[in-house]
Amino acid sequence: MRIGCVILLTSALLLGTSWGNYGDLTTNPPCRPGFSESFYTVFVSRDILQGQRILKDTTVSSGHVKFNDCQENKDVGFESSDPNFNVRTDGSIYTEHGGANLSEPVQFMVTAKRMPDKQMWETTVKLALVGQARPWTTAGQLIGKEKTPPESDPQPSVTLFPWKQQPSSNGLRRQKRDWVIPPINEPENSRGPFPRMLVRIRSDQDREIQIRYSITGVGADQPPMEVFTIDPVAGKMYVTKPLDREERASYHLRAHAVDMNGNKVENPIDLYIYVIDMNDNRPEFHNQVYNGSVDEGSKPGSYVMKVTANDADDDTTANGMVRYRILSQSPHSPIPNMFTINSETGDIVTVAAGLDREKVSQYTVIIQATDMEGNLNFGLSNTATAIISVTDVNDNPPELTASTFSGEVPENRLNIVVANLTVIDRDQPHTANWNAVYRIVSGDPSGHFTIRTDPFTNDGMVTVVKPVDYEMNRAFMLTVIVSNQAPLANGIQSSFQSTAGVTISVMDVNEAPFFPANPKLIRFEEGVPAGTTLSTFAANDPDRFMQQIVRYSKLSDPANWLNINATNGQIITTAVLDRESVYVKNNIYEATFLAADNGSPPASGTGTLQIYLIDVNDNAPELLPQEAQICEKINTNSINITASDSDVDPNIGPFVFELPSFPPSVRRNWTISRLNGDYAQLSLRIQYLESGVYDVPIIVTDSGNPPLSNRSLIKVKVCPCDEKGDCTTIGAVAAAGLGTGAIIAILICIIILLTMVLLFVVWMKRREKERQTKQLLIDPEDDVRDNILKYDEEGGGEEDQDYDLSQLQQPESLDHIISSKPTGIRRVDERPVVAESQYPIRPVVPHPGDIGDFINEGLRAADNDPTAPPYDSLLVFDYEGSGSTAGSVSSLNSSSTGDQDYDYLNDWGPRFKKLADMYGGGDDD
């Protein structure tokens, strides 16, 4: 017979409201995630198992259990420890094989897992048929009532493995189903003694065969190891040490029974050990100091802050249920209990009005958290500190310290502070509730003043932003209103002291005279003669209440054309005004004048006079260009001519160009044709004109009234032209006035100059060659300076460092050979053992002046030495000169009468030439 059953675990949120003793202030209790029960017993009728609906949404006994993770059961999965049952995502339990035999009660564990944080919750489910006898026993114990988990027995229980029915004579056999024993409850922190027996397991076949018992699972053969052990023969399971629920709340073990050969005798039995929670942990606050704030003037019931404490004990029991209360408040103003706390949630709220930041800006509140649902006799407690700051609101308007203020300002001054307004504001400094804002509401229609706020003192600084004039206003009466940046809190009215009057007196100062029209423009024709009065350039003195005299002087007059009367400011010319002057720009000449009064201190102002000069025809036109060239044949080309005039329109073009009648050859050889008003063409009248340079006079007349004319000369070069109409080079030279003889003379000079340069170069090369072939040592009579010889020998680097220094020393075995060398030259190196050739021997006693010959002979001897090695070697020149014919230096006597002859010093060589010059030649003394 196949039995099927489906049990649905649904999630529900337990709702409730409890605010302790807060009267009307209510809220929901804190949510604790988990199953509503840690142990469920479900009885199912046989009729329902036969296919009818078994689930009802009312009682636990009908199969409805509750789970809530306080997050609407999102991402929560369920698992079953019995492979015959499975759990869907909605929490419903169904049989894996379509049915289950409940002839014996079935017990298994359901685990809820939340995926994001991998948190787990466990509960135990038992299934049994309604009216079914309770066949399993643990020392005579029966299953309790519905929804009642079995209590732990003070005496260890004995669990019998299910027996198996032997086959009957008719071939049929009945097998008893396996079953799960109830969980074993073990209190944490037990004092022992240990090991202590928890349960005894035995098989009904232990009378027939020898059986060995073992347990597996976390706490047995998995870490933590050997928390539980079992006697393999007697089947007694022990706990070996105190358990800690906060480390692990439950253990799931499996008991095994095998024969002596290791063959399984019984199916494994699930053992569940639940650690019973004890109140061994105090509540722990998340922070030792909490910081919160509340606005001053808040109404009772205003939320302030929240404190939270956690208890490691089981929060589904009184051991982990924490309650809060306030132990003390400091200061006690205005009342000792300004705040209260929700005993379950930890929310702190105000219970009375009267918070005033200006009186008390901060409260220190000591909070106590106690488990055992706040039972002070049995619960464990802990404390934390809550710092509650009273935040400022704009409940104090700024108050001006006086009803009237005064100040004074000099006229014509800008950006100066003329008065200070002071205020008192009891709100928190340097905030929008404290910062003052000043406004001028009357007394300054022209906007001469503004009031700026000092950010440090909050004072109002009355500042001039537009200059005031004593002659216009001698005093100002301002009305000022002050307020805060932030608006006042509701119900706060501004007092009358936020308005004040400000009296500002204007001081008269000596102001500079000014020219009404600056710059002043006047118009005159150029050519005005000296001594002409042009205008009166007078200044006004703004100081109407001061009797002062204004004097004038000239500051700038670039062309020195003007003068000004010091008393009345009349402008008189001192020279002729010329529009074509370099000092006139765009027909305007500018001069600057100074007007100064005799006040204390004196003040002065400047003015600019602009004279617009009207052009008159006072400049004759000038012919352009002044030089040109033309071909010697007629009709080949012509010269374009024009004119320039320093005047302006209408005293310039169109111009008239004409040839003078004298000399007659001009009009006979040349002709002018008009192109337009400003240009004309000059060309030959005759068929041919000999090459050369001709001065052609031309008369140019402008269009002024009256017109002005000018006779100008244009220098025309007449030359032969090529087929393109361009003058040839020879022709141009000839046209310039040079004859054939002059050209030949120029060419000859060029050839002579090149020859001299070539000879100089040859001479320099010969001298360089002679200098290179000169001997290394010069004549000692010419130069006695020491010389530095540079040897670019650097050796062979690291590969050339392995040499024998003894080769640089003279070996004793070669003394006879060295002695055969000529005096003065020795080679110290290794030489082959061969017959030594005799090289030239120099004189034994050389002349002191032949040191150059001595060195040259030594070099030739070394080069011709057949015994020399193939590498550079060391030559020793040990010649130190022949014996001197002079006496000892000590024979010189400074007291000599001068009759000693020192001319022989000249024969000793260049080293003694200086002494010969000093002591020789007695005639020069």
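Since this is a predicted model, take the numbers as computed values, not measurements.

Participant: An account of the overall build of the protein is requested, with residue identities and associated values reported.
Facilitator: When helices and strands are tallied, the protein shows 7 helices and 52 strands. Within the protein, contacts between residues separated by at least 24 positions form 65% of all contacts whose residues are at least 6 apart in sequence. Of the roughly 54700 Å² of accessible surface on the protein, a fraction of 51% belongs to carbon and sulfur atoms.

Participant: Can you tell me about the sheet that holds strand β29 (residues 417-421), naming the residues and giving the values?
Facilitator: Strands sit in the order β29-β33-β32 across an open sheet of 3 strands; the sheet is antiparallel. If you trace the sheet from one side to the other, it starts and ends with β29 and β32 (449-453), each paired once. Along the sheet, successive strands turn relative to each other by an average axial angle of 25°, direction set aside. As defined by bridge partners, β32 adjoins strand β33 (residues 460-464) across 5 bridges and the pair is classed as antiparallel. Bridge pairing links T453 to G460 in β33.

Participant: Describe the environment of I614, naming the residues involved and giving the relevant values.
Facilitator: Assignment of secondary structure puts I614 in strand β42 (residues 604-614). Given the relative accessible area of 32%, I614 is considered partly exposed. Measuring from C-alpha to C-alpha, the distance between I614 and E526 comes to 5.8 Å, with 88 residues separating the pair along the chain. The contact partners of I614, leaving out residues within four places of it in the chain, are R523, F524, E525 and E526.

Participant: So what about the state of the cysteines? Which residues, and what values?
Facilitator: Within the structure shown, the criterion is met by 1 disulfide. In this model, C631 is linked to C721 through a disulfide, with the two sulfur atoms separated by 1.6 Å. Between C631 and C721 the sulfur-sulfur dihedral comes to about -110°; the bridge is accordingly left-handed. In this pair, C631 is assigned in strand β44 (residues 627-631) and C721 in the loop between β50 (709-719) and α3 (729-735), connecting sequence segments 90 residues apart. On the accessibility criterion, C631 (2% relative accessible area) is buried.

Participant: So what's going on with the pattern of salt bridges? Residues and values would help.
Facilitator: Inspection of every chain in the model, using the stated rule, returns 16 salt bridges. For K113, the salt bridge identified is with E79, shortest N-O distance 3.7 Å. In this pair, K113 sits in strand β8 (residues 106-114) while E79 sits in strand β5 (residues 76-80), placing the two residues 34 residues apart along the sequence. Its relative accessible area of 27% is what places K113 among the partly exposed residues. Classification of E79 as partly exposed rests on a relative accessible area of 41%. Here R357 makes a salt bridge to D392, at a shortest N to O gap of 3.1 Å. With R357 in the loop between β24 (347-350) and β25 (362-370) and D392 in the loop between β26 (381-391) and β27 (399-400), this residue pair connects regions lying 35 residues apart in the sequence.

Participant: Any chance you could break down the sheet that holds strand β39 (residues 562-564) for me, citing the residues and the numbers?
Facilitator: Strand pairing in a sheet relies on backbone hydrogen bonds, with the paired strands running either antiparallel or parallel. With antiparallel pairing, the 3 strands of this open sheet are ordered in space as β37-β40-β39. Each edge of the open sheet is held by one strand with a lone partner, namely β37 (533-536) and β39. Direction aside, the axes of adjacent strands within the sheet are offset by 25° on average. The sheet contact formed by β37 and strand β40 (residues 570-573) spans 3 bridges and is antiparallel. Each bridged residue has a counterpart across the sheet, and for T536 the counterpart in β40 is Q570.

Participant: How would you summarise the side chain of D427 if you had to cite specific residues and measurements?
Facilitator: Counting through the fold element by element, D427 comes out in the loop between β30 (423-424) and β31 (436-442). Although D427 is buried, it forms no salt bridge, and the closest oppositely charged side chain is R357 at an N-O distance of 5.3 Å. There is a polar contact of 3.1 Å between the side chain of D427 and the side chain of N396.

Participant: Tell me about the packing of aromatic side chains, residues and numbers included.
Facilitator: What describes a pair of aromatic rings is the distance from one ring centre to the other and the angle between the planes of the rings. All chains considered together, the criterion is met by 11 aromatic pairs. For the pair F285 and Y324, a centre-to-centre distance of 6.3 Å together with 50° between the ring planes defines the contact as tilted. With F285 in strand β18 (residues 284-285) and Y324 in strand β22 (residues 323-330), the pair connects residues that are 39 residues apart, well separated along the chain. One aromatic cluster is present, built from ring pairs that chain together F515, F537, Y552 and F593. Against the face of Y251 rests R248, its NZ or CZ located 5.4 Å from the ring centre.

Participant: Let's hear about the confidence of the model for the protein: which residues, and what values?
Facilitator: Per-residue confidence for the protein gives a mean pLDDT of 76, with 72% of residues at or over 70. Contacts of residues 1-27 to residues separated by more than four positions or lying in other chains number 83 contacts, the stretch itself having pLDDT below 50. In this model, residues 133-155 is a region of pLDDT below 50 whose contacts with residues beyond four sequence positions or in other chains number 41 contacts.

Participant: Talk me through the pairing of strand β49 (residues 692-701); I want residue IDs and the actual numbers.
Facilitator: Regular strands place their side chains on alternate faces of the sheet. Looking at chain direction, strand β46 (residues 656-658) and β49 are connected through 3 bridges and run antiparallel. The residue bridging F657 from the neighbouring strand is V700, located in β49. Bridging between β49 and β50 involves 10 bridges; their strand directions are antiparallel. When the bridges of β50 are listed, V693 appears paired with K717.

Participant: Lay out unusual backbone geometry in plain terms, naming residues and giving numbers.
Facilitator: Note on backbone geometry: most residues besides glycine have negative phi, and most peptide bonds are trans. At the junction of S330 and P331, the peptide bond is cis and its omega measures out at -5° in the coordinates. Considering the arrangement of structural elements, one finds P331 in the loop between β22 and β23 (339-341).

Participant: Any details on the environment of Q687? Residues and values, ideally.
Facilitator: Inspection of the secondary structure puts Q687 in the loop between β48 (680-684) and β49. The class for Q687 is exposed, based on a relative accessible area of 61%. A C-alpha to C-alpha distance of 9.1 Å links Q687 and N669, two positions 18 residues apart in sequence. Filtering out sequence-adjacent residues up to four positions away, Q687 remains in contact with E632, K633 and I634.

Participant: Help me get a handle on a nonpolar patch on the surface, residues and values and all.
Facilitator: On the surface, L753, V757, F760, V761, W763 and M764 cluster together to form a nonpolar patch covering roughly 600 Å² of accessible area. Structurally, the position occupied by V761 is in helix α4 (residues 740-773).

Participant: Let's hear about helix α6 (residues 851-863): which residues, and what values?
Facilitator: In this model, α6 (13 residues) spans 19 Å end to end at C-alpha, consistent with the 18 Å of a helix rising 1.5 Å per residue. Listing the buried residues of α6 in full gives G852, F854, G858, A861 and A862.

Participant: An account of the environment of N617 is needed here, citing residue identities and associated values.
Facilitator: Along the chain, N617 turns up in the loop between β42 and β43 (622-624). In this structure the C-alpha to C-alpha distance between N617 and P707, which are 90 residues apart in sequence, comes to 7.4 Å. Ignoring any residue separated from it by four or fewer positions in sequence, one finds N617 in contact with D647, N651, D702, G704, N705, P706, P707 and L708. Here D702 takes part through its side chain, which lies 3.4 Å from a polar atom of the side chain of N617. At 2.9 Å, the side chain of N617 forms a polar contact with the backbone oxygen of P706.

Cut-offs applied
- Residues numbered from 1 in each chain as written.
- Predicted model: local features only at pLDDT ≥ 70, side-chain atom pairs only at ≥ 80, totals over all residues.
- Heavy atoms only, no water.
- Helix = DSSP H or I, 4+ residues; strand = E, 2+ residues; numbered from the N terminus.
- Contact = heavy atoms within 4.5 Å.
- Areas by Shrake-Rupley, 256 points an atom, 1.4 Å probe, with all protein chains shown as cover.
- Pairing = 2+ DSSP bridges.
- Axes fitted to C-alpha atoms, helices over the stretch in contact; angles between N-to-C directions.
- Buried < 20%, exposed > 50% of the residue type's maximum accessible area, 1.4 Å probe, protein only.
- Disulfide = S-S within 2.5 Å.
- Salt bridge = Lys/Arg side-chain N within 4 Å of Asp/Glu carboxyl O.
- Lys, Arg positive; Asp, Glu negative; His and termini not counted.
- Polar contact = N/O pair within 3.5 Å; in protein donor to acceptor, adjacent residues only side chain to side chain.
- Phe/Tyr/Trp six-rings, centres within 6.5 Å; stacked < 30°, edge-to-face > 60°.
- Lys NZ or Arg CZ within 6 Å of the ring centre and 35° of its normal.
- pLDDT = per-residue confidence, 0-100.
- Patch = residues over 30% accessible without salt bridge, like charges linked within 9 Å, V, L, I, M, F, W, Y side chains within 5 Å.
- Expected span 1.5 Å × (residues − 1).

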